[in-house]
Amino acid sequence: MPKDGIGAATLRREDIRFLTGNGRYTDDINLRGQAHAHFLRSQVAHGTINAIDTAAAEGMPGVVRIFTGADFAAVGGLPCGWQITDRHGNPMQEPKHPVLADGKVRHVGDPIAVVVAETYEQARDAAEAIEVDITELPAVVNMKAALAEGAPKVHDDLTSNLCYDWGFVEENKAAVEEAFAKAAHTVTLELVNNRLVANPMEPRVAVGDYDPWDDMHTLYTTSQNPHVIRLLMGAFVLGIPEHKLRVVAPDVGGGFGTKIFHYAEEAFCTFAAKQLKRPVKWTSSRSEAFMSDAHGRDHVTKMELALDAEHNFTAIRTETYANMGAYLSTFAPSVPTWLHGTLMAGNYKTPLIYVNVKAVFTNTVPVDAYRGAGRPEATFQLERIVDKAARQLGVDPIELRRKNFIQTDQFPYQTPVAVVYDTGNYQATLDKLLDIADHAGFEARAAESKKRGKLRGFGLAHYIEACGIAPSNLVGQLGARAGLYESATVRVNATGSISVFTGSHSHGQGHETTFAQVVAEMIGIPATQVDIVHGDTARTPMGMGTYGSRSLAVGGSALVRAMNKIINKAKKIAAHLLEAAEADIELKDGKFSVAGTDKSVDWAGVTLAAYVPHNYPLEDLEPGLEETAFYDPSNFTYPAGAYGCEIELDPETGKVEIMAFAAADDFGNVVNPMIVEGQVHGGLAQGIGQALMENCVYDENGQLLSGSYMDYAMPRADDLPNYKVDHSCNTPCTHNPLGVKGCGEAGAIGSPPAVVNAVIDALHRAGHTNITHIDMPLTPSRVWAAMNGK
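Remember, predicted model here, so these are calculated numbers, not experimental data. (Residues numbered from 1 in each chain as written. Predicted model: local features only at pLDDT ≥ 70, side-chain atom pairs only at ≥ 80, totals over all residues. Heavy atoms only, no water.)

1. Section: the state of the cysteines
Selection criterion: Cysteine sulfurs are considered disulfide-paired once they come within 2.5 Å of each other. Here's how the labels work: a residue is buried when its accessible area is under 20% of the maximum for its type, exposed when over 50%, partly exposed in between, all with a 1.4 Å probe on protein chains only.
Using the criterion set out here, one finds zero disulfides in the structure. The thiol of Cys-467 is not disulfide-bonded; the next cysteine sulfur, from Cys-743, is found 8.5 Å away. Overall, the relative accessible area of 0% leaves Cys-467 in the buried class.

2. Some words on the nonpolar core
Rule in force here: For the purposes of this section, nonpolar cores are sets of buried Ala, Val, Leu, Ile, Met, Phe, Trp, Tyr and Cys residues that join through side-chain atoms within 4.5 Å. What counts as a helix is a DSSP run of H or I of at least four residues, what counts as a strand is a run of E of at least two, and both are numbered from the N terminus. Residues count as neighbours in contact if any of their non-hydrogen atoms are within 4.5 Å of one another.
Formed by 133 residues in total, the largest nonpolar core has its most connected members in Tyr-164, Met-324, Tyr-421, Tyr-643, Ile-647, Leu-649 and Phe-661. With 10 residues, helix H18 (residues 746-765) is the single largest residue contributor to this core. Sequence-distant contacts of Tyr-164, defined by excluding residues within four places in its chain, comprise Ile-84, Asp-86, Met-92, Met-324, Pro-333, Pro-336, Thr-337, Val-357, Lys-358 and Ala-359.

3. Let's talk about the side chain of Lys-104
Which entries qualify depends on this criterion: In protein, a polar contact means a hydrogen-donor-capable atom and an acceptor-capable atom, both N or O and within 3.5 Å, with residues adjacent in sequence counting only if both atoms are side-chain atoms; elsewhere, any N or O pair within 3.5 Å suffices.
In this structure, Lys-104 sits in strand E4 (residues 104-105). Among the polar contacts made by the side chain of Lys-104, one reaches the side chain of His-46 at a distance of 3.0 Å. A polar contact of 3.4 Å, which involves the side chain of Lys-104, links it to the backbone oxygen of Val-154. Leaving out residues up to four positions away in the same chain, Lys-104 has contacts with His-46, Gly-47, Thr-48, Ile-49, Asp-110, Leu-137, Lys-153, Val-154 and Asp-156.

4. Section: helix H5 (residues 173-182)
As a reminder, the rule being used: An arc is given here, and it is the one of the directions from the helix axis to the C-beta atoms.
Listing the buried residues of H5 in full gives Val-176, Ala-179 and Phe-180. For H5, the angular spread of buried residues about the axis comes to 100°, placing them on one side. When the buried face of H5 is taken as reference, the exposed residues oriented beyond 90 degrees from it are Ala-174, Ala-181 and Lys-182. The secondary structure elements touched by the buried residues of H5 are strand E8 (185-193), strand E13 (299-307), strand E14 (313-325) and strand E15 (353-361).

5. Thoughts on the sheet that holds strand E26 (residues 640-649)
This is how it is decided: For two strands to count as paired, DSSP must find a minimum of two bridges between them. Axis angles are defined between N-to-C directions and span 0 to 180 degrees, where every axis is a line fitted to C-alpha atoms and, for a helix, only to the segment in contact.
Taken in spatial order, the four strands of this open sheet run E18-E26-E27-E28, and their pairing is mixed. Strands at the two margins of the open sheet, each flanked by one partner only, are strand E18 (455-464) and strand E28 (723-726). The sheet shows a mean angle of 10° between the axes of neighbouring strands, taken without regard to direction. In the sheet, E26 pairs with strand E27 (residues 656-666) via 10 bridges, with the strands oriented antiparallel. Paired with Glu-646 across the two strands is Ala-660, which belongs to E27. Of the strands in this sheet, E18 and E26 are in contact with helix H12 (residues 442-451), which crosses E18 at around 140°.

Structure (structure tokens):
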């Protein structure tokens, strides 16, 4: 068996080019004769455009052309990929999202005009000369205020600012009300899941090109799913047939969800390239990213938990206001509904759950999926209220969780919120966490902190995530406007090397390493003989890209299916070469042999025969060795885990320092332990950043107050501890061929409630029992204010 197959912690092969400066990102692409685009964006959150005067700008040096909304009159708007039906059976309100503002601006950063010039500097200078006459209108930023009678409407053609009022499971509502009426104990918690800016290392970039010789459009873009961009932009925005549109996403420097979506800049550069008959390039500045990249989270929730006299959870009900921003981004409607409501059971056997979500339009940047997408919001609500319940009841938060866990003999477990968990062992991950976190030694450490005038706290959170959104026929019924399968083509070359073409996309996950490990394991050849190709719609089969921790569970499963086809055909060829029955052929360590004999032929001998068919069963098999497979999962995968955070708090300043963080995850089978650990580390950094530092803030007029790193605090290395990460408590997924579960978002899901629970624990230990919650981020000023009754 190869040493670099499944289970090997091999180094990521793609890192060689990244670390040596040989990565090829979209901004590295410069085409002959290209012009540069600069977007003039609205400086007001809400207003009517009366006139746009471009005369002075058009005469400035280097200006090629200036585009406004009028140039896109015959073009479609940016489409939304998910339709939600509300609790009354009505479709959501779905306003048009123009490429460039048409008659009205609806958030700071809304694009009004674009200057295309010979250089970026010329385009930027000319944009400053454009005069825009706007009548500023009152803006709505607060979601509850946006729903008040008489509130200014973000979209005049809608009946209100309510996108939808969703209830789930609507048939449970009466039973939930009855359970609360009969409950021995009830707990209520109101909380905010703060708005975030994704801030991937690489800002977004788009380069549009057009070849009139064959009427071919090409878009180079920083995307997590180039095939979906091709489908949405080609079919719904620009009207380009798919076979005349190529989308290429080369190396991408992080995405975290914000590069899933189709953006106006992509459509503009593709459109303008044909209009000008030359390539057009746009590169976002970091300031632009803050007001044009889709934001994440931004939920305001009231949650209630009912318990019986023995402290068993009997019911949950939640009411959430979810901010959509000014327009519906590609998958925005699904995030607070099907990606959130279906996870409200968590790791617990609560029999009755009702979730109400009101999605609201406001004069802010659109909000969509950000690492975890709905799952972090659900976990934060649940794990905070469980902790509050334990303190209210005077019981151990650990034991309250244990009492209500779904037990191992209950799997597969049908939750009251539709999904069925196939496997899990929540007791095991909790035990492992307490071990690696040295929970037994916590009291001694707390005493030592107290001697130094500091408060110490320990916070626990359990999470479960649904990954690899599936299956297509189900999500179609729930409003998805695309399939959620994945694809792989495996091309075996004559000399035995292999090229894998995947519909998944890598932007930090390590596909080029892990996918090669799977192939190496199945055949028994070195992974160095396997090349992974992704990110180019002209080379790869139609796929849905990478998000939702789906790459290996869905894309890897498609690869396994294609490989099984390859192996089956190769066995037929080997049987012919060895003059044996196909049923007697075995493949092991890169060699085909006849069972019970010493007759064999190696992998390269079979692959050569496939392409040099001198001794080949042409009457039974066509030459060549290439297969394609698609995989549509029958269910989600359900990774789960227990996270523990230990903090120290300075009561004089309110500053929180994370002293230790431990994570015990169940990811099923693990292909590359090193990559899994790295994914968890990254997620923890983002979750801790949300809990303590990050916050996207608008004022009452819709002005973005946290529009740069001067005002938006990102976690740095010295803000984070050394993590203890374990994934040994694995229960393999039962319904995909690799037995794997998603791992990319777990860290960002479980860490925020663990951090907040730790801070509340420290405060309660110090006698501040009146403080039951502090909204994220737990900045020094917020913690100090809570401690001092401010």
